[in-house]
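Letter by letter, the chains look like this.
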Amino acid sequence: MNSFFKVFFSVFFLFALFPTGCISSNDEELDYKMKREHMVSAQIEARGVSDPLVLDAMRKVQRHLFVPDKSKPYAYEDHPLPIGHDQTISQPYIVAIMTELIKPQADFKVLEIGTGSGYQAAVLAEIVEEVFTIEIIPELARHAETKLKELGYDNVHVRTGNGYLGWPEEAPFDAIIVTAAPKDIPPKLVEQLKTGARLVLPVGSFFQDLIVVVKTPDGFEKTSVIPVRFVPMVGKDESE
Ligand code: SAH
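Explain helix α5 (residues 119-127) here, please?
With eight of its nine residues buried, α5 lies for the most part within the structure. Those residues of α5 not exposed but buried are Tyr119, Gln120, Ala121, Ala122, Val123, Leu124, Ala125 and Ile127.

Before we go on, may I ask you to explain the environment of alanine 144 in this structure?
Along the polypeptide, alanine 144 turns up in helix α6 (residues 138-150). Residue alanine 144 is classed as buried on the basis of its relative accessible area of 0%. Separated by 28 residues in the primary sequence, alanine 144 and glycine 116 place their C-alpha atoms 7.0 Å from one another. Residues in contact with alanine 144, not counting those within four places in the same chain, are Thr115, Gly116, Ser117 and Gly118.

Which parts of the structure should I look at to understand the sheet that holds strand β3 (residues 109-113)?
Strands in a sheet are paired, the pairing made by backbone hydrogen bonds, and the direction either parallel or antiparallel. Strand order in the open sheet made by the seven strands is β5-β4-β3-β6-β7-β8-β9, with mixed pairing throughout. Only two strands of the sheet have a single neighbouring strand rather than two, namely β5 (156-160) and β9 (219-228). Each strand of the sheet is rotated relative to its neighbour by a mean of 15°, with strand direction disregarded. Relative to β5, strand β4 (residues 130-135) runs parallel, the two sharing five bridges. Residue pairing for β5: glutamate 135 is matched across the bridge by threonine 160. Where helix α4 (residues 92-101) meets the sheet, it contacts β6 (173-178), β7 (193-204), β8 (208-216) and β9, and its direction lies at approximately 160° from that of β9.

Would you mind going over the site of the ligand with me for this structure?
With respect to spatial proximity, 27 residues lie near the ligand, and among them Gly114, Ser117, Glu135, Gly163 and Val234 are the closest. Note that a nitrogen atom of the ligand is positioned 3.2 Å from one of the backbone N or O atoms of isoleucine 136. Within the side chain of threonine 179, an N or O atom sits 3.0 Å from a nitrogen atom of the ligand. For the ligand, the accessible surface in isolation is 580 Å², of which the surrounding protein chains cover 99%. Comparing atom positions with the cavity grids shows the ligand to sit within the largest pocket. Those elements that place two or more of their residues in the shell around the ligand are β2 (87-89), β3, α5 and β4. In terms of residues, the shell around the ligand owes the most to one element, β2, which gives three residues. In terms of residue class, the shell around the ligand is made up of 13 nonpolar, 12 polar and two charged.

Conventions we followed
- Residues numbered from 1 in each chain as written.
- Predicted model: local features only at pLDDT ≥ 70, side-chain atom pairs only at ≥ 80, totals over all residues.
- Heavy atoms only, no water.
- Buried < 20%, exposed > 50% of the residue type's maximum accessible area, 1.4 Å probe, protein only.
- Helix = DSSP H or I, 4+ residues; strand = E, 2+ residues; numbered from the N terminus.
- Contact = heavy atoms within 4.5 Å.
- Pairing = 2+ DSSP bridges.
- Axes fitted to C-alpha atoms, helices over the stretch in contact; angles between N-to-C directions.
- Near = heavy atom within 4 Å.
- Polar contact = N/O pair within 3.5 Å; in protein donor to acceptor, adjacent residues only side chain to side chain.
- Areas by Shrake-Rupley, 256 points an atom, 1.4 Å probe, with all protein chains shown as cover.
- 1 Å grid on protein atoms, 1.4 Å probe; cavity = no way out; pocket = protein on both sides within 12 Å on 5 of 7 lines; lining within 4 Å.
- Sits in = over half its atoms within 2 Å of the grid points.
- Nonpolar A, V, L, I, M, F, W, Y, C, P; charged D, E, K, R; others polar.

All we've got here are geometric facts, nothing functional implied.
Written out as C-alpha cells, the structure reads:
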C-alpha cells in the first residue's frame, strides 16, 4: 500500500472508531457521573445519610446543570456555590439531610420555600409525587422553572412569591422544606402541614440551627438537628 492510502485509512479508522463530537460529551458525562458517585459516598453516606431513596436521587440529579457555567467544575464539591442575586445552592450534604429528615415517600406532596437554582426541588421530584416551590426573586423563579421543564421534571410547580405565606390553595402538605433562614418558625407553614407531617428548616440569624417540626393534633414539637448557615429568609412574615 502506498503512503497516501496508509494515511487515508488511518485517518478513516480513527474517525470511525472515535466520532469526535460524541467522545468529548460522553467523557464529560462519565466524569460528572463519577464525581456524583464520589460526592454521595464521601460527603453524604459517610456523614450518616442512609435513606436509599435520598441516596438514589442524589446520584441521579445532575447538579452541574443547576449552577452557572463557571462553577460547573466545582458542582460536586463539599460546599455551597453562588447562583446569582447573592443567593447560593446549598452544600450537597445539607440538601441530602434535609430531604432525609422529611422522611419522603413516593405519594408525598411537598412544599419547598426558596427555589433558588431548582436543585433541591429536582431532588425531591425524583422521590415524591408532587413538588410545589416558592421563590421570592422572580428571575431565579423563572430560570429554575425553565431548567426544571427542560429536564423533564413535570411534577414540579414553581411560583414567585413570599414563602412566609406558604401555598394555601395546595395545602395541606405531607412535608415542607425551607431553604432560607427565618428568625422564627413561620406559623402559616405549620398550619399548612398535615397532622404528623414534618417541616424542616434553618432557624436563626447569624447562628442558625436546622430544626425539625412535627405537627401534632394540638400544636407542634420541635427538635434541633445541627448548626447550619443559610441565606436569610427575606420579606415580611405577614402573619405576625
Ligand atoms: N433550594 C435552593 C437554594 C436556595 S437559597 C437550591 O436548591 O438551589 C435560598 C433561596 O430562598 C434564595 O433563592 C432566596 O431568594 C429565597 N428566599 C429568601 N426569602 C424568601 C421568601 N420569603 N420566600 C421565598 N423565597 C425566599
